[in-house]
Amino acid sequence: AQSVTQPDIHITVSEGASLELRCNYSYGATPYLFWYVQSPGQGLQLLLKYFSGDTLVQGIKGFEAEFKRSQSSFNLRKPSVHWSDAAEYFCAVGARGSYDKVIFGPGTSLSVIP
Amino acid sequence: NAGVTQTPKFQVLKTGQSMTLQCAQDMNHEYMSWYRQDPGMGLRLIHYSVGAGITDQGEVPNGYNVSRSTTEDFPLRLLSAAPSQTSVYFCASSPGLAGGYEQYFGPGTRLTVT
């Protein structure tokens, strides 16, 4: 069974600073990987996803993530954070062929200091 | 195109009461799911469906029932509410394997059981 961890429960960054949110997964084969964002009081929105191919994937709102098989990681990055990026971020891992096996991490809460 | 809609947005129940959370999608997705979100635990899968007439249990199914009579609708029934079911509930739909199990979420229902 797969699992996913997000080591940072809460991160605070200054507006304009760079951001990296960590995600580590456990899965025996190449997984599907996702990052979702949840603004306060809202549902989750997909930021980006990795299925196969290029290990650096671009998403919406200027986010990118890199799949590193050797480190079992899929870290989310943004070069310059905006105040509107303050939200909860969830990493998720899915198993190919198994819809019910999409597992979500516990989330990282991002605060942005103006 | 409304996407995934959920009603109600908020609900307070007394222990032992029953209710149905409504979920509908207009994207013709075959796959639908119900998750609950609790602090520090990410999202946990309650029940899911891979098509009309087909449902199955997820990670935390006890105390909940679902049915899928149409592609569009996927209601979640709480049979006899308990305080442990106080949570935020999200419905999601997915195009399935073709989309790598990418999920589209509704805005959520915040349920309090007293």
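Remember, predicted model here, so these are calculated numbers, not experimental data.

Engineer: Even after reading the chapter, I still don't get the interface of chain A and chain B, so can you show me in this structure?
Structural biologist: The partner chain B presents 25 residues to the 21 residues of chain A that form the contact. Between chain A and chain B, roughly 1,800 Å² of surface is buried when both sides are summed, and carbon and sulfur atoms account for 61% of that area. Remark: the boundary between chain A and chain B carries 1 salt bridge. In this structure, the salt-bridge partner of Glu102 of chain B is Lys49 of chain A, at a minimum N-O distance of 2.3 Å. Here chain A and chain B share 3 residue pairs in polar contact (both at pLDDT 80 or more) between them.

Engineer: Just to check I follow, could you spell out the state of the cysteines for this structure?
Structural biologist: Every disulfide links exactly two cysteines, by a covalent bond between their sulfur atoms. A full pass over the atoms with the stated rule returns 2 disulfides over all chains. Residue Cys23 of chain A pairs covalently with Cys91 of chain A via a disulfide, S to S 1.9 Å. Judged by the sign of its S-S torsion, about -65°, the cystine formed by Cys23 of chain A and Cys91 of chain A is left-handed. Of the two residues, Cys23 of chain A is situated in the loop between strand 3 (19-21) and strand 4 (24-26) and Cys91 of chain A in strand 10 (residues 87-95); the sequence distance between them amounts to 68 residues. This pair shows no difference in class: Cys23 of chain A is buried, exactly as Cys91 of chain A is. The disulfide partner of Cys23 of chain B is Cys91 of chain B, and the S-S distance across this bridge is 1.8 Å. In this structure, the disulfide formed by Cys23 of chain B and Cys91 of chain B twists by about -70° around the S-S bond and is classed as left-handed. A residue pair is termed long-range when its members are at least 10 positions apart, and Cys23 of chain B in strand 3 (residues 19-25) and Cys91 of chain B in strand 9 (residues 87-94) qualify at 68 residues. With respect to burial, Cys23 of chain B and Cys91 of chain B carry one shared label: buried.

Engineer: Help me understand the pairing of strand 4 (residues 31-37) of chain B, please; the structure alone is not making it clear to me.
Structural biologist: As a general feature of sheets, a regular strand has side chains that alternate between the two faces. Residue and element names in this part refer to chain B. Burial analysis of strand 4 places 7 of its 7 residues in the buried class, the great majority of the element. Side-chain alternation along strand 4 places Tyr31, Ser33, Tyr35 and Gln37 on one buried face and Met32, Trp34 and Arg36 on a second face that is also buried. One ladder, built from 7 bridges, connects strand 4 with strand 9; its direction is antiparallel. Its bridge partner being in strand 9, Tyr31 is matched across the sheet by Ser94. Pairing between strand 4 and strand 5 (residues 43-51): 6 bridges, direction antiparallel. Residue pairing for strand 5: Tyr35 is matched across the bridge by Leu45. What sits between strand 4 and strand 5 in their antiparallel hairpin is a turn of 5 residues, with Gly40 showing a positive phi close to 75°.

Engineer: Sorry, what's going on with the pairing of strand 9 of chain B here?
Structural biologist: Residues and elements named next belong to chain B. Here strand 9 lies mainly inside the structure; 8 of its 8 residues are buried. Along strand 9, one buried face is formed by Ser87, Tyr89, Cys91 and Ser93 and the opposite face, lined by Val88, Phe90, Ala92 and Ser94, is buried too. Note that strand 9 and strand 11 (residues 109-113) share 3 bridges and pair antiparallel. Along strand 11, the bridge assignment pairs Ser87 with Leu111. In this structure, strand 9 lies alongside strand 10 (residues 104-105), joined through 2 bridges in antiparallel fashion. By the bridge assignment for strand 10, Ser93 is matched with Tyr104.

Engineer: Please clarify how the sheet that holds strand 8 (residues 76-78) of chain B should be interpreted in this entry.
Structural biologist: Pairing between sheet strands relies on hydrogen bonds along the backbone, with the strands arranged either parallel or antiparallel. All names here are of chain B. Spatially, the 4 strands line up as an open sheet ordered 1-3-8-7, and their pairing is antiparallel. Looking along the sheet, the strands with just one partner apiece sit at the ends: strand 1 (4-7) and strand 7 (64-66). Adjacent strand axes in the sheet meet at a mean angle of 20° when their direction is disregarded. The pairing of strand 1 with strand 3 spans 4 bridges and is antiparallel. Among the inter-strand pairings, Thr7 is bridged to a residue of strand 3, identified as Gln22.

What counts, and at which threshold
- Within every chain, residues take consecutive numbers counted from 1 along the sequence as written.
- The naming scheme follows written order: chains are lettered A onward, ligands numbered 1 onward.
- pLDDT decides what is reported in this predicted model: residues at 70 or higher carry local features, side-chain atom pairs at 80 or more are listed and counted, and totals for whole chains, interfaces and linings draw on all residues regardless.
- With hydrogens and water excluded, all non-hydrogen atoms of the structure serve as input to the side-chain values.
- Any two residues having at least one pair of non-hydrogen atoms within 4.5 Å are treated as being in contact.
- By convention, the term buried area covers the 1.4 Å-probe accessible surface removed from two parts as they join, with the contributions of both added.
- Any carboxyl oxygen of Asp or Glu that lies within 4 Å of a side-chain nitrogen of Lys or Arg is treated as forming a salt bridge with it.
- Here a polar contact means two N or O atoms within 3.5 Å. Within protein one must be a hydrogen donor candidate and the other an acceptor candidate, and residues neighboring in sequence count only if both atoms are side-chain atoms.
- Note on disulfides: each one is a pair of cysteine sulfur atoms within 2.5 Å.
- Each helix is a run of H or I in the DSSP string that is no shorter than four residues. Each strand is a run of E no shorter than two, and both are numbered from the N terminus.
- Partly exposed residues are those whose accessible area sits between 20% and 50% of the maximum for their type, while under 20% is buried and over 50% is exposed, using a 1.4 Å probe and protein chains only.
- For two strands to be treated as a pair, DSSP must find no fewer than two bridges joining them.
- A fitted line through C-alpha atoms serves as each axis, taken over the contacting stretch for helices, and the angle formed by two N-to-C directions is quoted from 0 to 180°.

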